[in-house]
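# Structure at a glance
If you want the building blocks of each chain, they are given just below.
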Amino acid sequence: MSTTATLPESTEAPRRTVRSSRGLLGAAVGRSAQALVVIVLAYVLVFLVLAAIPGDPVSAQLDNPQAGFSDAEKARIRSFHGLDQPVLVQLLVSLGHAVQGDLGLSMATSQPVTQVIGAAIPSTLRLAVTALVLAVALAAALGLATRLLPEGRLNDLVRSLPTLFLSTPNFLIGLVLIQVLAVQLGLFSLVDSEGFASTVAAALTLAIPVSAQIAQVFITALDESAGQDYAEVALARGLPPAQVVLRHLLRPSLLPTVTVVGLVIGEVLGGSLITETIFGRAGIGMVVQKAVATQDVSVLLAAVVLSALVFVVVNLVIDLLYLLLDPRLRTSEVSR
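Rules of the game
Residues numbered from 1 in each chain as written. Predicted model: local features only at pLDDT ≥ 70, side-chain atom pairs only at ≥ 80, totals over all residues. Heavy atoms only, no water. UniProt positions renumbered as here; feature names shortened; annotations may be inferred. pLDDT = per-residue confidence, 0-100. Helix = DSSP H or I, 4+ residues; strand = E, 2+ residues; numbered from the N terminus. 1 Å grid on protein atoms, 1.4 Å probe; cavity = no way out; pocket = protein on both sides within 12 Å on 5 of 7 lines; lining within 4 Å. Points joined across faces, edges and corners; volume = space filled by probe spheres on them. Nonpolar A, V, L, I, M, F, W, Y, C, P; charged D, E, K, R; others polar. Domains from an automatic or database assignment.

Identification of the protein as ABC transporter permease from Brachybacterium alimentarium is taken from an unreviewed UniProt entry. Per UniProt, the comment on the protein under Sequence similarities (unreviewed entry) is "Belongs to the binding-protein-dependent transport system permease family." Recorded in UniProt for the protein, the comment headed Subcellular location (unreviewed entry) runs: "Cell membrane".

Set out below in structure tokens:
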């Protein structure tokens, strides 16, 4: 009797594990396919928008009387860049080359676009990653402080800081940091824009307004978790507030917080363009600024699609983390 009673229970747990693993794998494949479609659509949309803009650097150089190009030379150069083909043909050719890793040549410098973008990626990557780490750390500190500090003026001050951070533009923060840290305190040099101290200052310029959005969601989630029965029971048992926060409030508060972290990635990338200009960093922002000035369509297309690629990949990772953090989502994926 006892043996037959326990047999279904012993086989049910591995069966649930297999279904959960299959659900997670299926969700990962499905989300990856969706991400690929979004990237291709972003490429097509950006290409068509840029193609609709009148003029290009090649035509501007060829039509300059001082350049001295003959009509045959102009036709040959336009044919080399594919400008004599219909827009849809240019799109298909460009998309086919992009799939193979060939983003074409810069129309302004005649250098491979991959070389132009690749030289600027490390600087922007260091800035964006440092800014995101600082933003998450600052938001976590503010959120935990609201639960650990006693109610009063200091707690109210901490709760008001995200609103203050969010209402302050990052270019103003950058100018203040340059004036205080570089000019008055001399902590970093304005000439060495790629140094460690300069990178931290630039990243802090990005992190302060970004951390406000993360902190607001994190604080709200902690407050909601603190009002649940399990939190009140934990406090009634005499557990210290720090243990209650770490053991009972933190994990359920991570789900909405992880979501907003994925959403602010786009703001970090967009804000890096302005921040790099303020601090004189040779990153993607400087490349985009020069490409806009010279109407370098190939570089603009690569930069915009790269930003879309990063945003889509990050959100894909966030979706998969959601499945790992919340087993109920894996169950819903299996039921589908």
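### Observations regarding the confidence of the model for the protein
With 81% of its residues at a pLDDT of at least 70, the protein reaches an overall mean of 77. Confidence scores differ between elements of the protein, with helix α13 (residues 327-335) showing the lowest mean pLDDT of 51 and helix α6 (residues 153-166) the highest of 89.

### Quick notes on the UniProt feature "transmembrane region" (unreviewed entry) in the protein
Those residues carrying the UniProt feature "transmembrane region" (unreviewed entry) are residues 24-53, 127-149, 170-190, 196-219, 254-279 and 299-325 in this numbering. Secondary structure within residues 254-279 divides into 100% helix and 0% strand; the distance between the first and last C-alpha atoms comes to 33 Å.

### Concerning the layout of surface pockets
Over the atoms, a rolling probe the size of a water molecule traces out where space has been left empty. Roughly 1,100 Å³ of internal volume is contained in the largest pocket. If you go around the largest pocket, you meet 40 residues; those closest to its centre are Tyr43, Phe47, Ser94, Ser298 and Leu301. Elements with a contribution of two residues or more to the lining of the largest pocket: α1 (2-52), α4 (87-99), α5 (113-148) and α12 (297-325). It is α4 that contributes the most residues to the lining of the largest pocket, 9 residues altogether. Of the residues that constitute the lining of the largest pocket, the class distribution is 28 nonpolar, 10 polar and 2 charged. Lining the lining of the largest pocket are residues from two domains, each supplying at least three of them: domain 1 (30-105) and domain 2 (113-327). Each pocket or cavity is described by its volume, and for the second largest pocket that value is around 500 Å³. Around the second largest pocket, the lining comprises 25 residues; the ones closest to its centre are Thr124, Ala128, Leu269, Ser307 and Val310.

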